[in-house]
Amino acid sequence: MSEKKNRWLTGAILVVAVAIVASSAALMVSGAGHVTTEQTADDTAVGAGETVNLTITLDTPSDFNSPAVDVDLPENWSVVSQSSSGTYRPSEIQWIWLSGGEKTVDYTVEIPENASGGTYQIVANGSAINGSTSETVADETVTEITVGSPEFEVSNLEAPASAVQGETITVNATVSNVGGVAGTTDAEFVFAGGALLDQTVSIDAGSSTQVSFDVPLDNISAGTYEHGVRAGDSFR
């Protein structure tokens, strides 16, 4: 009696094990029908009038048909260049292929000169037709782009309070970009209200650089003058 009972329990355990394996195999088959869409940007903080380079990767099963990528841009933004193995439809901002597999789209978007500051979304929707069920399977991804402007600030001015006519003085300062995007400006040495020397500096958002001016006073008459460094709207 005991031996028969043990044999029955063993058979039950084996049946459960087989059921688990069958269920696991079914899940794997289901997962093979997925479509994935990914999008990356070379910069997510830019200024009005600038461009952003983006890459879309669409991955579909090999037995899927008619893969496609559709892009939705903010108003008045435009695609200025693109590269892909698929057929590009510019009026719809769409790329299409005949058969499944991994597809890549590289494209460049231009932001309008009059774009207001803020955060915008570029939406990429990838899709394909399941060859077995004829159903359309899709996946969407969103990339956020922040449009801002550089803002320059001058600090840490090192300038002599007195000098002898004919000598050369050195003036140093720190120029910081406290705005939301990288930018370029002319840092100027200002003497008696006019710019005598300048340096062009490019500064990433949140970064600083040092500027230095060697100023000859050969043709400067004796007197008292205001002098300092200006960048953008900031003067020290």
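Let me begin by describing the structure that accompanies this report. Every value quoted in this text rests on a predicted model; they were computed, and no experiment measured them. (Residues numbered from 1 in each chain as written. Predicted model: local features only at pLDDT ≥ 70, side-chain atom pairs only at ≥ 80, totals over all residues. Heavy atoms only, no water.)

1. Description of the sheet that holds strand β11 (residues 168-177)
Reasoning step 1: The antiparallel open sheet is built from three strands, whose spatial order is β10-β11-β14. Each edge of the open sheet is held by one strand with a lone partner, namely β10 (152-158) and β14 (208-216). Each strand axis lies, on average, 30 degrees off the axis of its neighbour in the sheet, ignoring direction.
Reasoning step 2: For β10 and β11, the ladder comprises five bridges, and the chain directions are antiparallel. Residue pairing in the sheet places S155 in a bridge with T174 of β11. (Pairing = 2+ DSSP bridges. Helix = DSSP H or I, 4+ residues; strand = E, 2+ residues; numbered from the N terminus. Axes fitted to C-alpha atoms, helices over the stretch in contact; angles between N-to-C directions.)

2. A short note on the layout of surface pockets
Reasoning step 1: In this structure, the largest pocket spans a volume of roughly 310 Å³.
Reasoning step 2: Along its surface, the largest pocket is lined by 16 residues, and S162, A163, L217, G223 and Y225 are the ones closest to its centre.
Reasoning step 3: Among the residues forming the lining of the largest pocket, the class breakdown is ten nonpolar, six polar and no charged. (1 Å grid on protein atoms, 1.4 Å probe; cavity = no way out; pocket = protein on both sides within 12 Å on 5 of 7 lines; lining within 4 Å. Points joined across faces, edges and corners; volume = space filled by probe spheres on them. Nonpolar A, V, L, I, M, F, W, Y, C, P; charged D, E, K, R; others polar.)

3. Remarks on the pattern of salt bridges
Reasoning step 1: Taken as a whole and assessed by the stated rule, the structure comprises one salt bridge.
Reasoning step 2: A salt bridge links E188 to R230, with the nearest nitrogen and oxygen atoms 2.9 Å apart. Linking E188 in strand β12 (residues 183-191) with R230 in strand β15 (residues 227-231), this pair joins segments that are 42 residues apart in sequence.
Reasoning step 3: The exposure class assigned to R230 is partly exposed, which follows from its relative accessible area of 29%. (Salt bridge = Lys/Arg side-chain N within 4 Å of Asp/Glu carboxyl O. Buried < 20%, exposed > 50% of the residue type's maximum accessible area, 1.4 Å probe, protein only.)

4. Topic: the nonpolar core
If you look at soluble globular proteins, the nonpolar side chains tend to sit buried side by side.
Reasoning step 1: The biggest cluster of nonpolar side chains holds 24 residues, and the ones touching the most others in it are V71, W77, W95, Y107 and I122.
Reasoning step 2: Listed by contribution, the elements that provide at least two residues to this core are β3 (51-72), β7 (99-110), β8 (118-129) and β9 (136-148).
Reasoning step 3: No other element matches β3, which puts seven residues into this core.
Reasoning step 4: With near-sequence residues (within four places) excluded, V71 lies in contact with I56, E92, I93, W95, Y107, I122, V123 and A124.
Reasoning step 5: F152, V171, V175 and V201 belong to the second largest nonpolar core, which has 17 residues in total. (Core = buried A, V, L, I, M, F, W, Y, C linked by side-chain atoms within 4.5 Å. Contact = heavy atoms within 4.5 Å.)

5. What about the side chain of N177?
Reasoning step 1: Structurally, the position occupied by N177 is in strand β11.
Reasoning step 2: Engagement of the side chain of N177 in a polar contact is seen with the backbone nitrogen of E151, the distance being 3.2 Å.
Reasoning step 3: N177 has contacts with P150, E151, F152, A182, G183, I203, D204, A205, G206 and S207, leaving out every residue within four places of it along the chain. (Polar contact = N/O pair within 3.5 Å; in protein donor to acceptor, adjacent residues only side chain to side chain.)

6. What about the packing of aromatic side chains?
Reasoning step 1: The final tally for this structure, using the stated rule, is six aromatic pairs.
Reasoning step 2: Within the aromatic cluster, the residues linked to one another by ring pairs are F189, F191, F213 and Y225. (Phe/Tyr/Trp six-rings, centres within 6.5 Å; stacked < 30°, edge-to-face > 60°.)

7. Some points on the pairing of β12
Reasoning step 1: Across nine bridges, β12 lies against strand β13 (residues 194-203) in antiparallel orientation. Looking at the pairing, T185 lines up with V201 of β13.

8. Some words on the sheet that holds β13
Reasoning step 1: Sheet architecture is open: four strands sit in the order β13-β12-β15-β16, paired in antiparallel fashion. Every other strand in the sheet has two partners, leaving β13 and β16 (234-235) as the edge strands with one partner each.

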